[in-house]
Amino acid sequence: MRALVAEDEFVSRKLISTFLSPLFEIDIAVNGKEAFEAYKMAFEEGKPYTLICMDIMMPEMDGITALEAIRNFEKENGTPNKMSVKVFMTTALNDPKTVIRSFHDVEASAFLVKPVSKEKLYEELEKLGVLHK
């Protein structure tokens, strides 16, 4: 399985990558634009991501805009909902409006407040059926 960690902050990027590396082949993006390009490339190679952990606040293109582009790309390419990439939005902000927008407007799979703990990350992976104990 493949995962993309889209995070502009080094420490958060390293932490999430370390937590996911026993389970996934990890790629890194440092902004939303790179994340969308990486997603498209993986899709076109026939090796799509199972999971994307995406920070909401990033330079060039924020995480919500990037996720919106990913969801539009999936629809344009006829990706069935059950096959769409699981996306965990991460943020240091505990802002209810942002959480609601992430889930309802751009169909995030989960929302994690930083600093992300391994336990919480694995719990969300389990809920989505990506991680089996």
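All residue numbers here refer to positions counted from 1 along the written sequence of the relevant chain. Only residues with pLDDT of 70 or above have their local features reported here, since the model is predicted, and side-chain atom pairs are shown and tallied only from 80 upward, although totals for entire chains, interfaces and linings are computed over all residues. Side-chain descriptors were evaluated using all non-hydrogen atoms of the structure, hydrogens and water having been removed beforehand.

**Student:** Mind showing me how you'd approach the side chain of Ser-12 here?
**Tutor:** Helical segments are the DSSP runs of H or I of at least four residues, strand segments are the runs of E of at least two, and each set is numbered from the N terminus. Assignment of secondary structure puts Ser-12 in helix α1 (residues 10-20). Throughout this description, buried means an accessible area under 20% of the type-specific maximum (1.4 Å probe, protein chains only), exposed means over 50%, and partly exposed covers the range between. Take Ser-12: its relative accessible area is 10%, and that puts it in the buried class. In this structure the side chain of Ser-12 is engaged in a polar contact, spanning 2.5 Å, whose partner is the side chain of Glu-9. Excluding its chain neighbours within four sequence positions, the residues that come into contact with Ser-12 are Glu-7 and Lys-114. Any pair of N or O atoms that falls within 3.5 Å is considered a polar contact. Within protein, one atom must be able to donate a hydrogen and the other to accept it, and sequence-neighbouring residues count only if both atoms are side-chain atoms. Two residues form a contact once any of their heavy atoms are found within 4.5 Å.

**Student:** Just checking my understanding: could you explain the pairing of strand β1 (residues 2-6) for this structure?
**Tutor:** In the case of a regular strand, side chains alternate between the two sheet surfaces. Within β1, five of the five residues are buried, leaving the element largely enclosed by the surrounding structure. Any two strands between which DSSP finds at least two bridges are classified as paired. Direction of pairing for β1 relative to strand β2 (residues 25-29): parallel, over a ladder of five bridges. Across the sheet, residue Ala-3 finds its bridge partner in β2, namely Ile-26. As a crossover connection, the stretch from β1 through α1 into β2 is right-handed. Where β1 lies against strand β3 (residues 51-55), four bridges are found, and the strand directions are parallel. Its bridge partner lying in β3, Ala-6 is registered against Met-54. Whether a crossover is right-handed depends on one test, that the path from the first strand over the helix to the second runs clockwise when the strands point away from the viewer.

**Student:** It is not clear to me how the packing of helix α2 (residues 32-44) against helix α3 (residues 63-76) should be interpreted in this structure. Could you clarify?
**Tutor:** Two measures define how a pair of helices packs: the angle their axes make with one another and the distance between the axes. At a minimum axis separation of 9 Å, α2 and α3 run at an interaxial angle of 25°. By the criterion of interaxial angle, the relationship of α2 to α3 is roughly parallel. Where α2 crosses over α3, the handedness of that crossing is right-handed. Listed contacts from α3 to Gly-32, Phe-36, Tyr-39, Lys-40, Phe-43 and Glu-44 of α2 are Ala-66, Ala-69, Ile-70, Phe-73 and Glu-74. Here the axes come from fitting lines to C-alpha atoms, over the contacting stretch only for helices, and the angles between their N-to-C directions go from 0 to 180 degrees. Reported orientations rely on four angle classes, namely roughly parallel under 35 degrees, roughly antiparallel over 145, roughly perpendicular from 65 to 115, and oblique for the rest. By the definition used in this description, the sense in which the near helix is turned from the far one sets the handedness, with an anticlockwise turn below a right angle giving left-handed and a clockwise turn giving right-handed.

**Student:** What should I look at first to understand the nonpolar core in this one?
**Tutor:** One broad trend across soluble globular proteins is that nonpolar side chains are buried collectively. Throughout this description, the term nonpolar core refers to a set of buried Ala, Val, Leu, Ile, Met, Phe, Trp, Tyr and Cys residues connected via side-chain atoms within 4.5 Å. In terms of nonpolar packing, the biggest core is built from 24 residues, with Tyr-49, Ile-52, Met-54, Ile-70 and Met-89 touching the most fellow members. Listing elements by their share of this core, those giving two or more residues are β1, α2, β3, α3 and β4 (86-91). Here the element with the most residues in this core is α3; it accounts for six residues. Apart from the residues within four sequence positions on either side, Ile-52 is in contact with Leu-4, Tyr-39, Ile-70, Val-85, Lys-86, Val-87 and Phe-88. Counting 17 residues, the second largest nonpolar core, distinct from the first, contains Leu-51, Cys-53, Phe-88 and Leu-131.

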